[in-house]
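Chain by chain, the residues run as shown.
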Amino acid sequence: MKKLLFILLIVVVALALTNPNEADYREHVRQKEGLAGSVGLVMADLLATGPKGGVRRENYLLASRFYLGGGGLLPEETLAWGVAKQFIETED
C-alpha cells in the first residue's frame, strides 16, 4: 500500500512540475499555426482589455485551462487544456 501511495505522489508531483504556462501555450500555437497563429495572438492581445492580454490561463495545479477573452470585446472561449507540457485542443 505504501508503494502505491509513493508512486501516486511521484505522479502528482511530476504533473505539477510539468504543468504548462501561458508562454508554453503561445509557443505551441506559433509552432502549430505559424505566422497566422502569431498574428492571431497579437490581435487577441490588442482586442483584450486589461494587462493580461488575450490568452489567459487558469491553473488547476495538475493541469491548466487556456482561454481567450472573457471581458471587453471578446467572449470567453476555451482554447485548450494543458497537462504534462502537452496541449489538448478543445472545440466549443
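A. Just a nonpolar patch on the surface, in detail. On the surface, Met 1, Leu 4, Leu 5, Leu 8 and Val 12 cluster together into a nonpolar patch covering about 540 Å² of accessible area. Within the fold, Leu 8 resides in helix α1 (residues 2–17).

B. Examining the pattern of salt bridges more closely. Overall, the coordinates contain five salt bridges when judged by the stated rule. Between Glu 58 and Arg 65 there is a salt bridge, with its nearest N and O atoms 3.1 Å apart.

C. Structural context of the sheet that holds strand β3 (residues 77–83). The four strands are arranged β1-β2-β3-β4 in an open sheet whose pairing can be described as antiparallel. Both outer strands of the open sheet, β1 (55–59) and β4 (86–89), are each paired with one neighbouring strand and no more. Each strand axis lies, on average, 25° off the axis of its neighbour in the sheet, ignoring direction. In this structure, β3 lies alongside β4, joined through four bridges in antiparallel fashion. Opposite Ala 80, over in β4, you have Glu 89 as the bridge partner.

D. A look at the pairing of strand β2 (residues 64–68). Across the five residues that make up β2, a large majority, five, are buried. Here β2 shows two buried faces, one formed by Ser 64, Phe 66 and Leu 68 and the other by Arg 65 and Tyr 67. Bridging between β1 and β2 involves five bridges; their strand directions are antiparallel. Opposite Asn 59, over in β2, you have Ser 64 as the bridge partner. Turn length for the β1-β2 hairpin, with the two strands adjacent in sequence and antiparallel, is four residues, and the turn residue Leu 61 shows positive phi of about 70°.

About the cut-offs
- Residues numbered from 1 in each chain as written.
- Predicted model: local features only at pLDDT ≥ 70, side-chain atom pairs only at ≥ 80, totals over all residues.
- Heavy atoms only, no water.
- Patch = residues over 30% accessible without salt bridge, like charges linked within 9 Å, V, L, I, M, F, W, Y side chains within 5 Å.
- Areas by Shrake-Rupley, 256 points an atom, 1.4 Å probe, with all protein chains shown as cover.
- Salt bridge = Lys/Arg side-chain N within 4 Å of Asp/Glu carboxyl O.
- Helix = DSSP H or I, 4+ residues; strand = E, 2+ residues; numbered from the N terminus.
- Pairing = 2+ DSSP bridges.
- Axes fitted to C-alpha atoms, helices over the stretch in contact; angles between N-to-C directions.
- Buried < 20%, exposed > 50% of the residue type's maximum accessible area, 1.4 Å probe, protein only.

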